[in-house]
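Inside the fold
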Amino acid sequence: MSQSKPLTIILEFSDGLKAAASFDALPLYLRREILRQPFTVRPTGKLSKQNFLLLEWDDGWKEVIELDVSCTEINRYYVISRPEQVGRLSLNSNNRYPELVEISRRPLNLSKITFLDTFQLERAGAIREGKKTDQFFALAPANDAFTEALTSLKRSLVEEGIDRKALQSGDTVGLKEHYEKIRRRMGLRAAQRQQDVYDFITYLARAEE
Amino acid sequence: MMEVKWCGFDYGQCIMEPGGLRNHLVYGDIYKELGAPELIPEKIRNYRTLKEKYGTYSGIKEAHRDEIYGFVLDNDPEAIELFCKKEQELLEMGEGLEDALLYLQAQGIELQVVSEMKKTLGPVGTDIVSRFLKARGLVTYFKELITPQGKMNLENDTVDLRYKGFTKEAGTLYDVLAEELGEHGVQPHEAVMVGDKPATDINPAHDRGFKTIQYKGFIDLGESKADVVIHSFGELKTILKKKG
């Protein structure tokens, strides 16, 4: 972990666009993740015993973690064991490997998936292997969720008094307030990145009648 | 078979089980709702950091709720409101509870919730316990909630201050309870307290002559003076019956 403090992060896109942000404005986990990358390594400054956590396993495995110098002593160590449920949605891809989407929000309660077409999920058996159980779901055709979303968008635009053409511009930065109002009216949330839901609204706004 | 006229239930980790209250669900839903899903990992990490400071999540909620609002939720009023809503939504009822309550009510045994309610100071009817009981339709069985803040009537939201300042842990709340039950012709040995915590639900009640049942269905907090230990509320149907 570098002792000097990063100030700005700059991204250069292939079309020449540059986007810059204050490093401190990024979420903490992202700052940590960036500082973990090899390209951020700076010449080593002053080091002390207090900089390092050394972990050792019963099979002789050892790992080192560099810590912030503000750490003073070990508080406690414990292990949480519980059967976790994680949904794994894989999509075939033209790339060498499928795309894998992990779903942590109540995965057993997922009822519909739309990718090109809409499918209703129905439980279709389970395979238990020791302490692990894979619960499979069959996909049954269902009413097109895109059509329903488009209807919902139209209704939301009327209720919020927003012109559909404005959203067709795709100016999600300048019109963020509009996008937020429509998103909330439509009951849409982004799973990982807020821009995804704004892009989806733009797509619907541009869709043909 | 235990023959009783009155049965008191503890709230936390007894009637209400917090097993569904998972961080990725609470903070996931809050920050997706607020349009900032990118913040979810940081918020969960901050909440876990608070747990390391205070030891347990219930410890944070009991005495440091303001730090959840500040350190985790940045004092954002909308996030705080959603936190309270999600927290309520994700709480669960103990397994087999409603079936057991139905049986006890049919027997003619009077039912009350007896909660220490340290975590939920607030106006009558707005606290997490009475909101839970109302939202889950349990007011059908429990008309009153006895707490160190007073006895709350869940049907008309009035409060009887006779219990104010007395606690389960000190046992003084059971002294007041024994006195009030006595006014209705119920002696402590004709009353049973069901709960998970030896220090507040079982031992002080037992010392005052109440019958006691330790519920270990959610958490096992160790040995106690309980007359009986159960692991499911369904067992109450084979243990309790109305004293004639």
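Residues numbered from 1 in each chain as written. Chains lettered and ligands numbered in written order. Predicted model: local features only at pLDDT ≥ 70, side-chain atom pairs only at ≥ 80, totals over all residues.

Helices and strands together make up the secondary structure of chain B, namely 10 helices and 12 strands. Radius of gyration (C-alpha) of chain B: 19 Å, near the 18 Å computed for a compact globule of 244 residues. When its C-alpha atoms are laid out on the principal axes, chain B stretches across 60 × 35 × 30 Å. Relative to its 244 residues, chain B shows a buried fraction of 35%. (Helix = DSSP H or I, 4+ residues; strand = E, 2+ residues; numbered from the N terminus. Rg over C-alpha atoms; globule rule 2.2 N^0.38 Å. Buried ≥ 20, exposed ≤ 12 C-beta atoms within 10 Å, placed from the backbone.)

Let us look at the nonpolar core. B:Cys7, B:Val113, B:Val129, B:Val192 and B:Val194 are the most contacted members of the largest nonpolar core, which totals 45 residues. Not counting residues within four places of it along the chain, the set of residues in contact with B:Val194 comprises B:Cys7, B:Gly8, B:Phe9, B:Asp10, B:Cys14, B:Ile213 and B:Tyr215. By size, the runner-up hydrophobic cluster in this structure holds 11 residues, among which are A:Leu153, A:Tyr198, A:Ile201 and A:Ala205. (Core = buried A, V, L, I, M, F, W, Y, C linked by C-beta atoms within 7 Å. Contact = placed C-beta atoms within 7 Å.)

Turning our eyes to something else, we now look at the interface of chain A and chain B. Contacts between the two partners involve 15 residues from chain A and, on the opposite side, 14 residues from chain B. The set of elements that each furnish at least two residues to the side of chain A that touches chain B consists of α1 (28-36) and α4 (176-186) of chain A. Among the residues making up the side of chain A that touches chain B, the classes are represented as 5 nonpolar, 4 polar and 6 charged. (Nonpolar A, V, L, I, M, F, W, Y, C, P; charged D, E, K, R; others polar.)

Within the secondary structure layout, B:Glu235 lies in the loop between β11 (228-230) and α10 (236-239). Separated by 229 residues in sequence, B:Glu235 and B:Trp6 place their C-alpha atoms 17 Å apart.

The subject of this paragraph is the sheet that holds strand β2 (residues 6-9) of chain B. All names here are of chain B. Spatially, β8-β7-β6-β5-β2-β9-β10-β11 is the arrangement adopted by the 8 strands of the open sheet, whose pairing is mixed. Looking at the sheet topology across the chains shown, the edges are occupied by β8 (159-160) and β11. In this structure, strand β7 (residues 150-153) lies alongside β8, joined through 2 bridges in antiparallel fashion. Looking at the pairing, Lys151 lines up with Asp160 of β8. (Pairing = 2+ DSSP bridges.)

Right, let's get into unusual backbone geometry. Unlike most non-glycine residues, A:Leu116 shows phi in positive territory, near 65 degrees. Tracing the backbone through its elements, the reader meets A:Leu116 in the loop between β7 (112-115) and β8 (117-129).

Side-chain direction in a regular strand flips from residue to residue, so the side chains alternate between the two faces of the sheet. All names here are of chain A. Summarising burial for strand β3 (residues 52-56): 0 of the 5 residues are buried, a small minority. With 5 bridges joining them, β3 and strand β4 (residues 62-66) adopt antiparallel strand pairing. Residue pairing across strands places Leu53 opposite Ile65, the latter belonging to β4. The turn joining β3 and β4, which pair antiparallel and follow one another in sequence, is formed by 5 residues; a positive phi near 95 degrees is taken by Gly60.

For the rest of this paragraph, the subject is the environment of B:Glu116. Residue and element names in this part refer to chain B. Here Glu116 shows up in the loop between β5 (110-114) and α7 (128-135). Judged by the 21 C-beta atoms lying within 10 Å of it, Glu116 falls in the buried class. Non-local contacts of Glu116, meaning those with residues more than four positions away in its chain, are made with Pro148, Thr167, Lys168, Glu169 and Thr200.

Per the domain assignment, the segments of chain A are domain 1 (8-66), domain 2 (87-141) and domain 3 (145-206). Distance between the C-alpha centres of domain 1 of chain A and domain 2 of chain A: 34 Å. (Domains from an automatic or database assignment.)

Residues and elements named next belong to chain B. Axis separation between helix α1 (residues 23-33) and helix α2 (residues 40-54) bottoms out at 9 Å; the angle between their running directions is 135 degrees. Here α2 runs oblique to α1, going by the angle between their axes. Where α1 crosses over α2, the handedness of that crossing is right-handed. Of α2, the residues touching α1 (which contributes Asn23, His24, Tyr27, Gly28 and Tyr31) are Ile40, Lys43, Ile44 and Tyr47. For the contact of α1 with α2, a count of residues per class yields 5 nonpolar, 3 polar and 1 charged. (Axes fitted to C-alpha atoms, helices over the stretch in contact; angles between N-to-C directions. Parallel < 35°, antiparallel > 145°, perpendicular 65-115°, else oblique. Left-handed = near helix turned anticlockwise from the far one by under 90°.)

Time to look at the sheet that holds β7(A). Residue and element names in this part refer to chain A. Across the sheet, which stays open at both edges, the 3 strands sit in the order β7-β8-β9 with antiparallel pairing between neighbours. The open sheet has two edge strands with one neighbour each: β7 and β9 (132-141). Neighbour-to-neighbour, the strand axes of the sheet open up by a mean angle of 40 degrees, direction not taken into account. Across 9 bridges, β8 lies against β9 in antiparallel orientation. Note on β9: the bridge partner recorded for Glu129 is Lys132.

Moving on, we get to the environment of B:Gly96. Residue and element names in this part refer to chain B. One can find Gly96 in the loop between β4 (92-93) and α6 (97-107). A residue is classified by how many C-beta atoms lie within 10 Å of it, and Gly96, with 16 of them, is partly exposed. Distance in space between the C-alpha atoms of Gly96 and Val113 is 17 Å, their sequence separation being 17 residues. Residues contacting Gly96, with those up to four places away along its chain left out, are Ser232, Phe233 and Gly234.

Glancing now at α1(B). Residue and element names in this part refer to chain B. Listed in full, the buried residues belonging to α1 are Val26, Tyr27, Gly28, Asp29, Ile30, Tyr31 and Lys32. In this structure, the buried side of α1 is in contact with α2 and α5 (77-90). Backbone geometry just downstream of α1 places Gly35 in the positive-phi region, at approximately 80 degrees.

Turning our eyes to something else, we now look at the confidence of the model for chain B. All names here are of chain B. On average, residues of chain B carry a pLDDT of 91, and 96% of them reach 70 or more. For chain B, the element scoring lowest by mean pLDDT is helix α3 (residues 57-63), at 78; β2 scores highest, at 98. Predicted complex metrics record ipTM = 0.74 and pTM = 0.74. (pLDDT = per-residue confidence, 0-100.)

For the rest of this paragraph, the subject is the packing of α1(B) against α5(B). Residues and elements named next belong to chain B. Between α1 and α5, the least distance of the axes is 9 Å, while the angle of their chain directions is 140 degrees. For the element pair α1 / α5, the angle class is oblique. You can see that α1 and α5 cross each other, and the crossing is right-handed. Residues Leu25, Val26, Asp29, Ile30 and Glu33 of α1 form the contact with α5, whose own contacting residues are Ala79, Leu82, Phe83, Lys86, Glu87 and Leu90. For the contact of α1 with α5, a count of residues per class yields 7 nonpolar, no polar and 4 charged.

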